[in-house]
Amino acid sequence: MTTELLHRETFIAKLREVGERAYHDKHPFHVAMNEGLLSTDALRGWVANRFYYQHNIPIKDAAILSNCPLREVRRVWIHRIIDHDGSSENEGGIEAWLRLSEACGVSRNELLEDRHLQPGVRFAVDAYVNFARMQPWPVAIASSLTELFAPDLMATRLVAFEKFYTWIDPNGLDYFRRRVTQARRDSGEALAITLEHCNTHELQNAAIRGLKFKCDVLWSMLDAIHYAYTRANR
Ligand code: AHQ
């Protein structure tokens, strides 16, 4: 087995291959969502459960920052916390997600109290936070490269929500509108850091495995939601 460092283009191609095979845009729940086939109950369940993921993203990113000794990397990464927690100038993604929930007819307290949280969603998200705490910081950053594939999914989702789920107040969709550009910027930064700091054969392999792990985190969240809220399993 070679211990050679992968060339930049080969490394990028291998990272992209992971997403093309395993990213959750291909999960049956997302396929049904984007075809307008989800019930109100299933969509509300997805919004309620995804809140646990959104709420934990800044905690995950703070774990990466706490492990990273390089000021130039922390300066790039730190905006992700404000992007979600917000500031005096901007509400942040967590507040936008709570507004999405209210637009779907689920109260913010139901989300804040995890009243609909499925066990499989909790365990997948907790695994992601612990991964960020325990892995070398370049590998944890590489695992966020699922966002390379997020902008297209966000754009498709937005069209589907506006076309099929007209019972949702369109003002609640701000989260997805912002996410298209945020995910593009985030993944560009994460890729540049990954290419520069996954600079050994071992770190490159760990980054590829970390991205596959993260695809499994997102996939198993949807497995749990699919099982809990789609008619087939009623
Ligand atoms: O809304 C999402 C988000 O804030 C993030 C942060 C990022 C990370 O740090 O891992 N990943 C991510 C994702 C978000 N939305 C998902 C979706 O399908 O709505 C996609 C997901 C990702 O691609 O990792």
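Just above sits the structure.
Residues numbered from 1 in each chain as written. Predicted model: local features only at pLDDT ≥ 70, side-chain atom pairs only at ≥ 80, totals over all residues. Heavy atoms only, no water.

### Things to note about the pattern of salt bridges
The following threshold applies: Each reported salt bridge corresponds to a side-chain nitrogen of Lys or Arg within 4 Å of a carboxyl oxygen of Asp or Glu. In this text, helices come from DSSP runs of H or I with a minimum length of four residues, and strands from runs of E with a minimum of two, each type numbered from the N-terminal end. Throughout, exposure labels follow a simple rule: accessible area from a 1.4 Å probe, protein chains only, divided by the maximum for the residue type, with under 20% read as buried, over 50% as exposed, and the rest as partly exposed.
Scanning the model with the defined rule gives 16 salt bridges in all. Note that Arg115 and Glu113 form a salt bridge whose closest N and O atoms lie 2.8 Å from each other. Residues Glu162 and Arg177 are paired through a salt bridge, measuring 3.3 Å at the closest nitrogen-oxygen approach. Residue Glu162 is located in helix 10 (residues 150-164), and its partner Arg177 is located in helix 11 (residues 174-197); the two are separated by 15 residues in the primary sequence. When its relative accessible area of 42% is taken as the criterion, Glu162 is described as partly exposed.

### Some remarks on unusual backbone geometry
Notably, Asp114 is not glycine yet its phi reads approximately 55°, a positive angle. Mapped onto the fold, Asp114 is located in the loop between helix 7 (108-112) and helix 8 (119-134).

### Quick notes on empty space enclosed by the protein
Regions of empty space are outlined by a rolling probe, equal in size to a water molecule, passed over the atoms. Stated precisely, the cut-off is as follows: Buried and open spaces are told apart on a 1 Å grid over the protein atoms alone, a cavity being a set of points where a 1.4 Å probe fits but cannot get out and a pocket being an open set with protein on both sides within 12 Å along at least five of seven lines. Residues with an atom within 4 Å of a point are the lining residues. Grid points are joined across faces, edges and corners, and a volume is the space filled by probe spheres set on the points. For this classification, the nonpolar set comprises Ala, Val, Leu, Ile, Met, Phe, Trp, Tyr, Cys and Pro, the charged set comprises Asp, Glu, Lys and Arg, and every other residue, Gly included, is treated as polar.
Enumeration according to the criterion identifies three cavities of 30 Å³ or more in this entry. If you add up the space inside the largest cavity, you get close to 290 Å³. What lines the largest cavity is a set of 23 residues, and nearest its centre among them are Arg50, Tyr53, Gln54, Glu147 and Arg179. The leading source of residues in the lining of the largest cavity is helix 3 (residues 40-67), at six residues. Tallied by class, residues from the lining of the largest cavity come to nine nonpolar, five polar and nine charged.

### Here's the deal with the packing of aromatic side chains
Each aromatic ring pair is specified by the distance between its two centres and by the angle formed by the two planes. Definition in use: Think of it this way: a Phe, Tyr or Trp ring, Trp meaning its six-membered ring, pairs with another when their centres are within 6.5 Å, and the plane angle makes it stacked under 30 degrees, edge-to-face over 60, tilted otherwise. Comment: the charge-over-ring label is applied if NZ (Lys) or CZ (Arg) is within 6 Å of the ring centre and within 35 degrees of the ring normal.
Using the criterion set out here, one finds 12 aromatic pairs in the structure. Relative to Phe161, the ring of Trp46 has its centre 6.2 Å away and its plane inclined at 55°; by these criteria the two rings are tilted. Of the two residues, Trp46 is situated in helix 3 and Phe161 in helix 10; the sequence distance between them amounts to 115 residues. Of the two residues examined, Trp46 and Phe161, each falls in the buried class. One aromatic cluster in this structure is built from Trp46, Trp97, Phe161, Phe164, Tyr165, Tyr175 and Phe176. Directly above the aromatic system of Trp77 lies the positively charged group of Arg80, at a separation of 3.6 Å from the ring centroid.

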